[in-house]
Amino acid sequence: MKKQMTIAYDVHSGLYLNLTNRCPCACTFCLRQTMDSVGNSGGLWLEHEPSYEEVIAAIDSCNPDKYTEVVFCGFGEPTERLDVLLQVAAYLKENWPDKKIRINTNGLGDLVCGEPIAEKLKGLIDVVSVSLNTPNAEEYLKLTRSRFGIQSFDAMLAFAEACVKTVPEVVMTTVDTTISHEEEAQCQAICDRIGARYRIRPWED
């Protein structure tokens, strides 16, 4: 018997949506290198990518009163399924209008989709959280092992900068165990230039 796959799961006060296991990166610090779940999520490796209808059914089975936000974040890069993501976000705006909608992303959606995507998020997404990881393009590639190569760092920065113009809040994050305090200061300067909020997040094992 196949193990039931997890489309929607709780993290703190958020409802997290797991749309895909595809990702252009294989980050050295990524949780999915060592585990198959987050907290009490159940298995996040998908037996198949859920359809729009399956995602909506998973959302409708949840009590909206439990949550302050809905987050596109699972064991994959959400922008790999941008069309479904946008459809689901539109459903949430109509049916859960008081909930903030966030995307946790590696910021490579423009490369994934082959076109700039920030404008498509306008009016649907409230927060975009981008993994900045490091202030240095070469070190970024070592950490993320992106299949897009050295262009990835600049593409990620360009995406974040574009989102500042289309989304109410843009956050850029680094993991506290992967860079030095000096590099953190450099990341803060990048965020100040772009107009994003900088957040140093704890590494979770």
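Structure report, in brief. (Residues numbered from 1 in each chain as written. Predicted model: local features only at pLDDT ≥ 70, side-chain atom pairs only at ≥ 80, totals over all residues. Heavy atoms only, no water.)

A few points about the overall build of the protein chain
So the rule is basically this: The helix count covers DSSP runs of H or I at least four residues long, the strand count covers runs of E at least two residues long, and both are numbered beginning at the N terminus. Between the two quantities, the radius of gyration covers C-alpha atoms and the globule rule is 2.2 Å times the number of residues to the power 0.38. For every residue, the accessible area obtained with a 1.4 Å probe (protein chains only) is divided by the maximum for its type, and the residue is called buried under 20%, exposed over 50%, and partly exposed between those limits. Contacts are residue-level and defined by heavy atoms, with any inter-residue pair within 4.5 Å sufficient. For the area figures, the Shrake-Rupley method with a 1.4 Å probe applies, and any residue is considered shielded solely by the protein chains shown. Positive charges come from Lys and Arg alone, negative charges from Asp and Glu alone, with His and the N- and C-terminal ends not counted. Working definition for charges: the position is that of NZ of Lys, CZ of Arg, CG of Asp or CD of Glu.
Scanning the protein chain for helices and strands turns up six helices and seven strands. The order of α-helices and β-strands along the protein chain, N terminus first, is β-β-α-β-α-β-α-β-α-α-β-α-β. Taking 205 residues into account, the globule formula puts the C-alpha radius of gyration at 17 Å, and the protein chain, at 16 Å, falls close to it. Expressed along its principal axes, the backbone C-alpha trace of the protein chain runs to roughly 45 × 35 × 30 Å. Counting every position in the protein chain, which comprises 205 residues, the buried fraction comes to 53%. Sequence-distant contacts, at least 24 apart, represent 78% of the contacts inside the protein chain between residues at least 6 apart. Accessible area for the protein chain stands at about 9900 Å²; split by element, carbon and sulfur atoms hold 50% of it. Where the 20 positive side-chain charges of the protein chain centre and where its 30 negative ones centre are 1 Å apart.

Some words on the sheet that holds strand β3 (residues 69–72)
Formally: Two strands form a pair only when DSSP identifies at least two bridges running between them. Here the axes come from fitting lines to C-alpha atoms, over the contacting stretch only for helices, and the angles between their N-to-C directions go from 0 to 180 degrees.
Read across the open sheet, the seven strands follow the order β1-β2-β3-β4-β5-β6-β7; overall the sheet is mixed. Looking at which strands have only one partner, the edges of the open sheet turn out to be β1 (8–11) and β7 (197–201). The average angle at which neighbouring strand axes cross in this sheet is 25 degrees, direction not considered. Sheet analysis places strand β4 (residues 100–105) next to strand β5 (residues 127–131), joined by four bridges and oriented parallel. Across the sheet, Asn-104 pairs through a bridge with Ser-129, a residue of β5. Helix α2 (residues 82–95) rests against β2 (14–17), β3 and β4 of the sheet, and its axis sits at about 175 degrees to β3.

A short note on the pairing of β2
Within a regular strand, side chains alternate between the sheet's two faces. Burial along β2 is two-sided: the residues Gly-14 and Tyr-16 and Leu-15 and Leu-17 are all buried. Bridging between β1 and β2 involves four bridges; their strand directions are antiparallel. For Tyr-9, the partnering residue across the bridge sits in β2 and is Tyr-16. Connecting β1 to the antiparallel partner β2 that follows it, the hairpin turn spans two residues, and His-12 within it adopts a positive phi of roughly 55 degrees. Across four bridges, β2 lies against β3 in parallel orientation. Across the sheet, residue Gly-14 finds its bridge partner in β3, namely Glu-69.

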